Amino acid sequence: METPTQFFSTPIYYVNAKPHLGHAYTTIAADVATRFKQMDGYDTYFLTGTDEHGDKIVQAADKEQQSPREYVDQISRLFQDLWPKLNIGNNQFIRTTHPDHIRVVEMLLTRIHDRGDIYFSSYEGLYCFGCERFYQERELVDGKCPDHGVAPSAIKESNYFFKMSQYQDWLIDHIKTHPGFIHPKQYETEILSFLKEPLEDLCISRPKSRLTWGITLPFDDNFVTYVWFDALTNYISALGYPDGPLFTKFWPSARHFVAKDIIKPHGIYWPIMLKAAGIDIYNGLNVHGFWNVSGSKMSKSIGNVTDPVAVTDRYGVDAFRYFLMREMVFGLDANFTEDVLVSRINSDLANDLGNLFSRVLSMNLKYFKGRVPDPSGTDFPDLSLETDAQTTIQHFKDVMAAYEFHKGVEVIWGFISRMNKYIDTHEPWRLAKEPDERLRLEAVIGNLLEGLRTVACLIYPVMPETSAKMLRGLCMVLPETGFFPLEEIGKWGQMSARACLEKPDSLFPRVDVLKKTAH
Ligand SMILES: [Zn+2]
């Protein structure tokens, strides 16, 4: 059977500011999805990068007294340095200032221009010279620029436009005939409701008199292309469009992860651009919500929880990844507070998972000197956790394939909770005192160890470091890939006759919470 493929991308992040929580979430979600697909037998490709042209970059560079080139190199570096800290396993990091990308943008524009879908026209609008941009009437506050408090001037400018309107019916039909093209469903509804109104043609250029930091239009030297033809094209330029082997292999399975503020360009402009250029439409769009951030009641709070580096330095990368996946229902908004992060670390990670792991390994050391007993326990089918584990794996697979990461985590923690109850029910410390119960004790501990192995394997996409640490503690030899394939996890008895002699390190130390004292 041919190996299925999966291409995931994040948006390319605009480098007018440092990486924050939102960037971290999208990228971690795409990383978790990629690792899950690998466990499920897919050949994957994962792309992220930075968007480096445009007037906001020029302004930000001016403020720092740098050239745009120096500025984008510096901020792009911050993103490139952050991802390894968050254990992001991207295959490529694309920058829109790279010559290979620029070539593909030129190719795409030429193609669409040759087909007659790009035209030159004048445009009249309200322009703020401070912001160097046009404003829509509704964006103004009391008729004035919200940033400068000055009424914008009516100016006339000629630009190039992309004829989107003629593809409107085609796009509506494409969305309706491809369920899951825009996921989750509420965003499909949102896009279809946008499409009930006639689509305006898209302005795709800026005169060089206003902006030079961009890609020159291949058919007019006096203009650069603006935003979307430059940014969205990264998804195909990175794969070596038109005939690179990566493009051939991965483009048909492309799914883009985006936050809900950019669904219009991704759900409307991009498919129409592809259609107009005669390129196959991407496979799907995964849209997530926003993080609402609020303050902490703890005295030793790190303060700026929107800085992924600060959160990771204090609490560890796996705790951060766990929290993001557990707390946000993919597609909806969620709250980020340091207090809730800490309580999740203490309850879910230190207590439920960490204690279970150290308790079971300690009992195995104490009762069996670390030798792993046979979980089949010959005569005790009632003690088996095997069926439960297999159901858990299947359930995990179903929800993760649907990008329901929070449910994936809940499914694993449901199993952890049943294992904790299993210990309370079967009281291994009591069995250990009865010589007649030796076989029963072997079955209980053997099943718990196999259950821990199952958990260690399943948490891999969300917490790769903890997964490896647990598997090492369980004396499993990690495959070179770093994970066990999903279809192999459910097989019971993989640990039999191994010896786990080491006393395990604590997986997640508890975080001491000191409440701020009122003054
Ligand atoms: Zn302004």
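As the structure is a prediction and not an experimental result, all values here were calculated from the model. (Residues numbered from 1 in each chain as written. Predicted model: local features only at pLDDT ≥ 70, side-chain atom pairs only at ≥ 80, totals over all residues. Heavy atoms only, no water.)

Q: Describe the pairing of strand S12 (residues 254-259), with residues and values.
A: The element S12 is extensively covered by neighbouring structure, given that six of its six residues are classed as buried. Alternating residues of S12 divide into Ala254, His256 and Val258 and Arg255, Phe257 and Ala259, and every residue in both groups is buried. With three bridges connecting them, strand S1 (residues 5-14) and S12 associate as parallel partners. Bridging across to S12, phenylalanine 8 finds its partner in arginine 255. Here S12 pairs with strand S13 (residues 284-288) via five bridges, running parallel. Bridge pairing links arginine 255 to glycine 284 in S13. In this view, the connection linking S12 to its parallel neighbour S13 by way of helix H10 (residues 263-277) has right-handed handedness. (Buried < 20%, exposed > 50% of the residue type's maximum accessible area, 1.4 Å probe, protein only. Helix = DSSP H or I, 4+ residues; strand = E, 2+ residues; numbered from the N terminus. Pairing = 2+ DSSP bridges. Right-handed = clockwise from strand over helix to strand, strands pointing away.)

Q: Which residues make up unusual backbone geometry, and what values do they have?
A: Only a minority of non-glycine residues have a phi that is not negative, and only a minority of peptide bonds are not trans. Here histidine 183 and proline 184 are connected by a cis peptide whose omega angle stands at -10°. The residue proline 184 is located in the loop between strand S7 (182-183) and helix H6 (185-194) in this model. Cis geometry is adopted by the peptide bond preceding proline 242, which originates at tyrosine 241 and carries an omega value of 10°. Secondary-structure assignment places proline 242 in the loop between helix H8 (234-237) and helix H9 (245-250). With phi around 55°, asparagine 87 is a residue other than glycine that occupies positive phi space. Looking at the secondary structure, you find asparagine 87 in the loop between helix H3 (68-85) and strand S3 (92-95). The phi dihedral of glutamate 427 is positive, around 40°, even though this residue is not glycine. Tracing the backbone through its elements, the reader meets glutamate 427 in the loop between helix H15 (405-426) and helix H16 (428-431).

Q: Summarise the packing of aromatic side chains; cite the residues concerned and give the values.
A: One pass over the structure, following the stated rule, counts 36 aromatic pairs. Measuring from centroid to centroid gives 6.0 Å for phenylalanine 36 and phenylalanine 396, while their planes differ by 80°, and the two rings are edge-to-face. Of the two residues, phenylalanine 36 is situated in helix H1 (residues 21-39) and phenylalanine 396 in helix H14 (residues 386-401); the sequence distance between them amounts to 360 residues. Consider the rings of tyrosine 403 and phenylalanine 405, whose centres lie 6.4 Å apart with planes at 75°: the pair is edge-to-face. When sorted by exposure, tyrosine 403 lands in the same class as phenylalanine 405, which is buried. An aromatic cluster of at least three residues, connected via ring pairs, comprises Phe7, Tyr45, Tyr235, Tyr241, Phe247, Phe250, Trp251 and Trp270. Residue placement shows arginine 206 over the ring face of tyrosine 226; its charged tip is 3.7 Å from the ring centre. Its guanidinium or amino end placed over the ring of phenylalanine 194, lysine 264 lies 4.7 Å from that ring's centre, counting from NZ or CZ. (Phe/Tyr/Trp six-rings, centres within 6.5 Å; stacked < 30°, edge-to-face > 60°. Lys NZ or Arg CZ within 6 Å of the ring centre and 35° of its normal.)

Q: So what's going on with the sheet that holds strand S5 (residues 133-135)? Which residues, and what values?
A: A sheet is described by the order of its strands in space; here four strands give the open sequence S5-S4-S6-S8, paired in antiparallel fashion. This sheet does not close on itself; its edge strands, each paired only once, are S5 and strand S8 (202-203). Here two bridges tie strand S6 (residues 153-162) to S8, and the two strands are oriented antiparallel to one another. Looking across to S8, one finds that phenylalanine 161 is bridged to cysteine 203.

Q: Can you break down the environment of glutamate 480 residue by residue, with the values?
A: Structurally, the position occupied by glutamate 480 is in the loop between helix H18 (464-473) and helix H19 (486-489). For the pair glutamate 480 and valine 141, spaced 339 residues apart in sequence, the C-alpha to C-alpha distance is 58 Å.

Q: So what about the UniProt feature "binding site: Zn(2+)" (unreviewed entry) in the protein? Which residues, and what values?
A: As recorded in UniProt, the feature "binding site: Zn(2+)" (unreviewed entry) lies at Cys128, Cys131, Cys145 and His148. The annotated residues occupy 21 residues of the chain but converge on a single region, no pair of C-alpha atoms lying more than 8.5 Å apart. With respect to the helices, strands and loops of the structure, cysteine 131 is situated in the loop between strand S4 (118-128) and S5. Of the residues examined, cysteine 131 reaches a relative accessible area of 11% and is grouped as buried. Setting aside chain neighbours within four positions, we find cysteine 131 in contact with Gln59, Cys145, Asp147 and His148. If you trace the backbone, histidine 148 turns up in the loop between S5 and S6. Not counting the four nearest positions on each side in its chain, histidine 148 is found in contact with Cys128, Gly130 and Cys131. (UniProt positions renumbered as here; feature names shortened; annotations may be inferred. Contact = heavy atoms within 4.5 Å.)

Q: Describe the pattern of salt bridges, with residues and values.
A: Inspection of every chain in the model, using the stated rule, returns 22 salt bridges. A salt bridge links arginine 210 to glutamate 157; its shortest N-O distance comes to 2.8 Å. One end of the pair, arginine 210, is in the loop between strand S9 (205-207) and strand S10 (215-217); the other, glutamate 157, is in strand S6, and 53 residues separate them in sequence. Through salt bridges with shared partners, a single network forms among Asp31, Arg35 and Arg321. (Salt bridge = Lys/Arg side-chain N within 4 Å of Asp/Glu carboxyl O.)

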